[in-house]
Structures are given as C-alpha cells and as structure tokens.
Amino acid sequence: MIRLHNLERSYPLGRGQLFYVLRDIDLDIAEGDFVSIMGPSGAGKSTLLHILGMHDHGWTGEYFFDETAVHHLKAKERATLRNQQIGFVFQQYHLLDDLTVYENLDIPLSYRHYSKSERAALVADALDRFQIVGKKDLYPRQLSGGQQQLVGVARAIIAGPKLLLADEPTGNLHSSQGEEIMELFRRLNEEGMTIVQVTHSEKNASYGKRIVQLRDGWIV
Amino acid sequence: MTADLKYAFRMLVKAPAFASIAILTLALGIGANTAIFSLIHELFLRGLPFKDPSRIMHIYGEAKERDLKQLPFSVPKFWHYRDGQTVFSSVAADWGNGYILTGLGEPVQVLGENVTANYFDLLGIRPILGRNFLPQEEMHDDVALITENFWRKRLSSDPGVLGRSIALNGVVTTIVGVLPNLPISWFGRDTEVFTVKPFENSNATKERMMLGYSFMRCIGRLKPDVTMEQAQSAMPALVQSYRTQHPETADCTWTSVLVSASEDVTGDLRPAFVTLLIAVGAVLLIACSNVANLLLVRFSGRRREIALRMALGADRRDVVRLFLLESTTVSVIAGIIGWCLALWIVALAPKMAGDNVPLENSISLHWPVLVFTLALSLLTGLAMGCYPAWQSSRADLIEGLKESIRAVSGSRGQHRLRRGLVAAQVALSMVLLATAAMLASSFVRLSNQETGFRSDHVWAAGIGLPDGRYPDAASRGRFAQRLVDEVQASPGVETTATVEALPMSGNYSQTPYARADGNPLPVNHRPLGLTRSISPGYFQTLRIPLLAGRDFTERDGTDAPLVVILSNSTAKKLFPGENPLGKQLLFGVDHGNGLMAEVIGVVGDVRSRELAKANDVEFYRPSPQRSFSFFNLVVRTSVNPETAAPMVRAALDKIDKEIPILQPNTLDTIITQSLGQRRLTMGLLGAFAGIALLLAVVGIYGAVAYTVEQRTAEIGVRMALGAQVKDVLRLVVRQGMNPVLIGLGLGLVAIFGTGRFLTAQLYQISPHNPILLALTAAGLAIAALLACLVPARRATSIDPIQALRAE
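The residue numbers shown here count from 1 along each chain, following its written sequence. Chains carry letters from A onward and ligands carry numbers from 1 onward, assigned in written order. Side-chain atom pairs in this predicted model are given and counted only at pLDDT of 80 or more, local residue features only at pLDDT of at least 70, and totals for whole chains, interfaces and linings cover all residues.

Visitor: Would you mind showing me how to read the overall build of chain B here?
Guide: Working definition: helices are DSSP H or I runs of at least four residues, strands are E runs of at least two. Numbering for both runs from the N terminus. Of the regular secondary structure elements, chain B holds 25 helices and 23 strands. On the principal axes, the C-alpha backbone points of chain B span a range of 105 × 60 × 55 Å. Residues counted as buried form 47% of the 807 residues belonging to chain B. For every residue pair, C-beta atoms are placed from the backbone, and the pair is scored as a contact if these atoms sit within 7 Å. Taking all contacts inside chain B whose residues are at least 6 apart in sequence as the whole, residues at least 24 apart take part in 84%. The burial label depends on the number of other C-beta atoms within 10 Å of a residue's C-beta. Counts of 20 or more mean buried, 12 or fewer mean exposed, and intermediate counts mean partly exposed, with C-beta atoms placed from the backbone.

Visitor: Could you clarify how one ought to interpret the pairing of strand S8 (residues 194-198) of chain A in this entry?
Guide: The two faces of a sheet get side chains in turn, since along a regular strand they alternate between them. Residue and element names in this part refer to chain A. Where burial is concerned, most of S8 is hidden: 5 out of the 5 residues are buried. Every second residue of S8 is oriented toward a common face, with Thr194, Val196 and Val198 on one face and Ile195 and Gln197 on the other, all of them buried. Relative to S8, strand S3 (residues 34-38) is paired through 4 bridges, and the arrangement is parallel. Its bridge partner lying in S8, Val35 is registered against Val196. Where strand S7 (residues 163-167) and S8 come together, 5 bridges link them in parallel fashion. Note on S8: the bridge partner recorded for Leu164 is Ile195. Between the parallel elements S7 and S8, the chain passes through helix H6 (residues 175-190) in a crossover that is right-handed. Strands pair, by our definition, only if DSSP identifies at least two bridges between them. Handedness of a crossover is defined as follows: with both strands directed away from the viewer, a clockwise route from the first strand across the helix to the second makes it right-handed.

Visitor: Would you take a moment to explain the pairing of strand S4 (residues 88-102) of chain B for this structure?
Guide: All names here are of chain B. Alignment of S4 against strand S11 (residues 214-222), held across 6 bridges, turns out to be antiparallel. Counted as the bridge partner of Ala92 is Ile219 from S11. Strand direction decides the pairing type here: S4 and strand S5 (residues 108-115), joined by 8 bridges, are antiparallel. Across the sheet, Gly98 pairs through a bridge with Leu111, a residue of S5. Counting the residues that bridge the hairpin from S4 to S5 gives 5 residues, and of these Gly103 lies at a positive phi of roughly 95°. Here 2 bridges tie S4 to strand S8 (residues 165-168), and the two strands are oriented antiparallel to one another. The partner of Leu101 across the bridge, within S8, is Leu168.

Visitor: Hey, could you run me through the interface of chain B and chain A in this one?
Guide: Reports often express the size of an interface as the amount of accessible area lost when the parts come together. Every contact between the two is made by 13 residues of chain B and, on the other side, 14 residues of chain A. Within the residue set of the side of chain B that touches chain A, elements represented by two or more residues are helix H22 (712-720) and helix H25 (800-806) of chain B. A total of 4 residues in the side of chain B that touches chain A trace back to one element, the largest contributor, which is H22(B). Note on residue classes: Ala, Val, Leu, Ile, Met, Phe, Trp, Tyr, Cys and Pro are nonpolar, Asp, Glu, Lys and Arg are charged, and everything else, Gly too, is polar. Looking at the side of chain B that touches chain A, its residues break down into 7 nonpolar, 2 polar and 4 charged.

Structure follows, in structure tokens:
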C-alpha cells in the first residue's frame, strides 16, 4: 500500500549546510498492517508521519501510495489523495472548540463534498458506532480527555480512509482511557484499516503488528 | 496616578505600531470634528460682532400668495415703520452701493453702503477712530465712515484721517470715523465705505420710490422688555396702517416677517452644516470603534500582567484606571494632531466655499474650539477605553498566572462586540459614502446643467457711473453705447453688450407685471418677475437663441415706444396658445399702474438666478428704457477671455479715465463660484466619507487579521482534516464578511430612514437612488472583501504541521 524509497527530509542550516531529519528511508507498509513508529525525541517520527499524511512536502525520494507516485503529484493532487485515503488522530485531539461533537464529526465530510443527507447519515453512523450519540450536542470542553480522543478517532475515520495515522494518540490520556483507545485501534485494524502510529509506549506499540525504530533520522 | 501615566506612556512607546495606528485613526476623527466645529462656531455660535445680536431683527416683506419671500423695504414703508412702531428701541436701514473713489491715485470702484444715521448705533458698533453719523447729517451732509481696511490700505493709516476729504462718485465727502473691519456675513465681502443718504437712489425716480420701489434692508433692535414673538405679533397692525395710509404703494399688501440677525446670515447654511456635523460624528464613531477594537485585543493580551497586578494587591478599579489612562493618553495625543489637521482643513474652507459661504478669509481656531477638542479627546479616550478596560479587568487570577505567553482571544462576548463594532463601522460608512455619492452626483448634474447660455470665452465686469457726470438715462446710454462700440472694435472681440446684472452673480431685480388687456390686477397685487435691462447684442454675446420676433436695436431708446422681450417660459405662461408678439404688458409702479411695453421677441430660457432652479418668468428690457448707473459689460472673445480686461481699460480711458473696472471675471468663474456652498459641502463630506471608508477597511482588516491569528491552530487542524485553500478562504472571508453584510443592511435601512433630510441638498437625484445605493454598497463590499482577503490569503499559507506543533 505504501512504499517509501530513499526518502529524505532536511532543513537548511545556513551557509549551504543542511540538517537531516530523515535519512534514506526505505519502508513498505502493506494494506491491513498496523505499524508503530518508535524512537527517542527528535528521531523524526512525527516528521515521517506527516510525510505519510502528505502534510509535509519538503522531502526528496520516492513515495508510492497504492501505486500512485506521490512524489510526482502536485500539492493540490496530494491534498485530494489525502482527503480520499487518509485519516488523522492527534495527541492533543485538536477538536474545534466552538463546534459540537456532531459538528466536529461533520467537518471532514464537508471538505470532501458529501451531500448534506450523506453527511447526516455518516455522522449518525459514527455516533452510533462509537456510542457517543448522547454527547453529540456537547462541546469538546464538556468531554473528558478519553471522550475527546474517541471523537477524534471517529472524526479521523468518518470519511472512510484506508490509512489511519495517529500521532501519540494516548499521550494525553491516563492509562485506562489509553487502553480503550488502543483497543479501538485494534478493532479497526481487524476490520481492515491500515494504521500507522507514532508512540513512545512499548505497551501501545504491542497493539500493532510491527515496530519501526527510528534514530537520528535513520531506520534502525 | 503619575506612575500610572508614566507606565501608560511607556506601554505606548513599547508598542509603536499599535500606538501609531490608534493615534492616527483618532486624529482623523478628532481633526474632522474640530474642523467642522470651528466652522460651525465661526458661522453659527460665535454670533455677529454686534451688541446683543439676538435682539436685532431683520424685517422682511412677504407675499405668500404670490410666493414672494424675503422682500426688501421701500422708503415710505421704512418711514412708516420707523415712526409708527412701538416694539423696537430703534429702526434703521441700509442698502449696498458702489462708489467710484477718485483722488487717491487711479480711480477705483469701492463697495459700500448707504445707511441711516442710527445704523451703527443700533448694531452697537463703535468706530475705532472718530464717531458714528449724527442724526442731523442724515440726507444732508456728504460725510462717510470708512473701515479699518480702507484706512490702512488706501490711506496708509493716516493719523489725520478724520476730517480728510475723499471723492465718492465725484462728490467731495468728509471722513468722520473709522470703523473696525466688519463681518462679511452681514455686510458682504470688501464693503469699505458708508454714506448717510439712504433715501436717495439714482436707479429710481422719487416718484417710483414713493410708489413702493423696495431696495432697503430694514432692521430693528427689540426693546429690552419685548420678545421676538411679541414684536412679530405687533407687525400686522403696522402692515394694516401702512396699507391704509399708502394704498398706492406696490408693497402695501406685503406682510412683515421678523428674522433674527444671526439666523438671517446662516439660515440657508444650516442643513448643509447639520449634514457635515453628522458626517464627522460618524467618522469619529468609526475611529473610536476601530481603536476600541484594538484596545480590546491589546488589553485581552495582557491578562497575565493584570493577574500579576491583582496578585500584588491591585483591585479592579486600579486595573480599569490603568487602562483608561492608556486609552486617554492615546486620545489626547490624537487630539493634538487632530487640532493641527483641523487648522489645515479650516484654512482650505474659505477657498472651497468662494463667496457663497460668509467665511472670513482667515479663520482662526478660537478657545471654545480648543475646549471642544480637548473635551472630545478626553471623552473619546474614556468612551472607547471603558468597555475594553472593564472586560480585561475581569481576569481570573489563577488562570491568568498559568497562562502561556500566547495571547488569548477573549470571551465570546468580546468576539460579538468586535463583530458588532465592525458592523457599526460599515453601516456608518455606508451612510456617509452614499450621502457623499449623492452630493457628488448632484454637484456633477448641477455643473452640467444646461444654463441656456454659453459662458465660455465671456469676460464680464461691473461699471459704475457717477450720478454727477451721468445724471440721466440718455447720458448713461451714450456712455454705454460708446463703450460697447470701442470694445467691439478691439482685436479678438466677437461681440459685446451690457446687462444690468450678470446671470448667476446673485444680483437680480424684480418688477411687478401684468397683461395689459383684460382687467389687470392693481399694482400691489401683481406678481414680481425677474427683469434684466440689456443692450442690443446681449443675446448674441451669451448665445441665447432668439426664438421669435427681433432683438433690441439702437432705435429702442429712451423716447421710443417701450418694448420687452420674453423668455420662452414667460411667453407660454402669459400667452398660452397665443402669439405673444405685439401684445402689451404693464411693468413697474410708475403712474400707479405701471408702464405699458410691447412684446417684440421671445428668447430661450436661461437659468440666471440659480443653476438648480429654472425661472418661470424672465423679462428683458432695453437699457435706455430702464436705465441704471451701475451695469455690467459682457465681452465674448475668440481668444482667452482674460485678454479683454486691458482692452476694456483702454476703451474706458478713451471715454472717461475716471471710471474704474469693478470685479472683472470670466462668466465661467462666476458660474463655478455660484456652486461654492455645494462644493464646500461635497468636498468636505467626500473627504470625510473617504476617511470613513479607509477607517472601516482598516477596521475590517484588523478584525479579520486578528481572528486569523487567533485561529491559526484551528485553521491548521482544518487543513489537516482536509480543508483546501478555497475552504480556508471561504471560512475566513465568510466570517469577516458576515458583520460587513449586516452593516451594509443596517446602513441601507438608515439611509431609507434619514434620506428625506438630505433631499433639500440634492439636485435631480433621489436620496434613495437605487443605482447609487447599489454601487456604494458594492464598492464598500468589494473594499471590505479585499480587506478580508489579505489575512485570508495569509491563513491559507498556514503550515498545518507548525500550527499543530504550536498547539
């Protein structure tokens, strides 16, 4: 599903020098895989995740997504591909404060040009599936951290992506809430969703099928 | 307090961008208000420099049934009122006159007045040298009062001026006093000499004068215990007794109306200045709301500082005081800059207004204006600082101390207030811009209004003939004919003629008229018609088309049968469906029934009094048959019309070297000057509307830019969730434009609600003109959209990764 070849990401340091965040990354991720990216701070985990998520465009090398050569796509084409195929879960949830749970779930669909009735059906499905129907009119600040992240995951998959990217999804949760989220990820993976998560936690990594270790920008 | 003030200054210096935007914004608002207030102070509040001017009444004649208003007094009526009234402590009269001054170098024409002996005593004006006229001098002595300007400029401040003789219209006249310079709003510009023979007028015979020839301004000073209303209620008795005793006079049927002197000189200007005052008020409100918005943002961003101050023992009042000091510091500095701005605007005003608005050439900003500006600055500072200071002082101490360096966006209430302020700015700007657009459109329409004559390449000047050397119509006619012939023969001159009063100059005369057939009304019930004495060639010089009959010729002289030419509208009105040629009309008051004149021609209609108003009746009479000692020469040239001046001077030198040229000008300039007040109103309002638009756009930009900055993380999240450039643009623009659209709607409602107040100042355009309103709204919306697009474009360049990390 994903193939990275000789991918590199660097930042200029001045005087023509470069600081490499990722070096010579070769990585294959099959459909239905559940990959945990681990490594110390500054290893390049989040950068790799944002490149996979097509947020970051300043890299070199090759990136194939389902045989599509992402490295040849223009920014707009990458955005379209991302919107069709990828969902995101953030450590800090990033729910929009002034929108209700329902409206937060509706947001990704509105950017994908679903009709109003389709959006309503999909949001209703997600509320039901994640058992948060009773909270649909609440604002994020009225939810616990676990509940907010639950909404964050629901929002990430509501548009039916093939790939779910998660950046420290339990980083802001206490252990029991974290376990619930990881169980949810496991179930989603079992249902066929490809998941790539960045985590510091060995325990969370154990929910995945394999681990990719990064150190100083290199896969080790 | 001092420490807080120092801190306020320091905080402003630390934030130069905020300080300069806030100060400049407010300075524009305060400056505009100070300028208009100083003009209003000059015109309306300062009052005439007379003793107790509110007690001085101008007595007008009025005949409502004939639509005649603000009519002057005749000599018999003045005498009757002076002697018969009981409500005034004294009654006086004056009328404007031109004098040829000789014996002081080149002969020059000076403007002056013939006044009754008690005139200046009634006004309470004391001479700076010498004395006022004495009662026994009235109608007897050749004495004069001159103004300080005359004394300094023409007599080089001669200390022996009293008793010195000058020649006025060839009459040796003794100077008995020097008056201080007089207000142009009452006396007109450049009035320099006063004589005391008010009941002599070379333009009318004694018989005509006694039959009600009206030419004098009559004023009275109320007795100390009499109110204006009581004086007004005493008028009908005077009218009645005058009618009874002088039934033969043309003015015996007129009623009398009192107008206070101050209202008399400013009445016409009030609507325009009310409009301007509202406009500058709106500009100040917009400026205040802009700065209030900035202060909200600035104070909200200092929650940490507030929390710290509270932790150290400050209470809420201390915090509010600190912020109010900061906002008033801004407004007082802005007031100082605004004052300078006002000085500049005020200096321009007389130039823009021309002779149309009675503004002195150099208006100074007096202390009431200074007090106004200072009070306005302080009030502005308090008004715009109050809410932000109060809101910001509600900081939660613990949360505030915990808060990261990143500024907070403020409460929902503050958001709503900011949007409300933007909507209010847009609404006010909409009203101002629409008003300015309508006034500009009116002005353009007026400027392009067909006058009925061609003013290009026409030069004009006044000529006054002294009665001593030119005592009768025949001598004046010979002079005029020779002058026309001499000028006509000059190179570059196409045609030349004389006319009693130039069109659009503000001077005109009216005569009672009636059809001679049937049963003509008595003279004093006849309507008045605009009447102009002209020489042959006048129509050709001004390119007024002759539609029927013939022009005047040299044969239409003093002894020839009386003739008249009608304007087309007059012909249609007086002789509907008939051929007017050969018909007879009665003119004037002579012999108690007027003089009969035959209609010999019909010419095209001309707008000769005001561009905005067509004359329904206008007569032309040949100069010899209706002769005046003062007339105007009009010269059409094939070259630059200014070149006519030396040619006319040369021609005059051949005929009579002592006759000066008075007020030379081109006809184009005279017409342009006639629009002076409209130009002033339009120019000032246009400038204020421009300022309002600029401030509104800055306000909208500021509000949207601030929102984008506060929502950087949110926009980053949205982009991470799939929002594309157009989605972000739409999001930001929609939020920015929402209050703009609300403001436009409110503005339109306000225009529909208040437009009728503007109607009097508009010409051929409705205050609800849909095209202008739509264009104004569209223009404002586009400006607002651009103001939104700049920060919106910036929002689209937000890097979602950076935004998410920052969060």
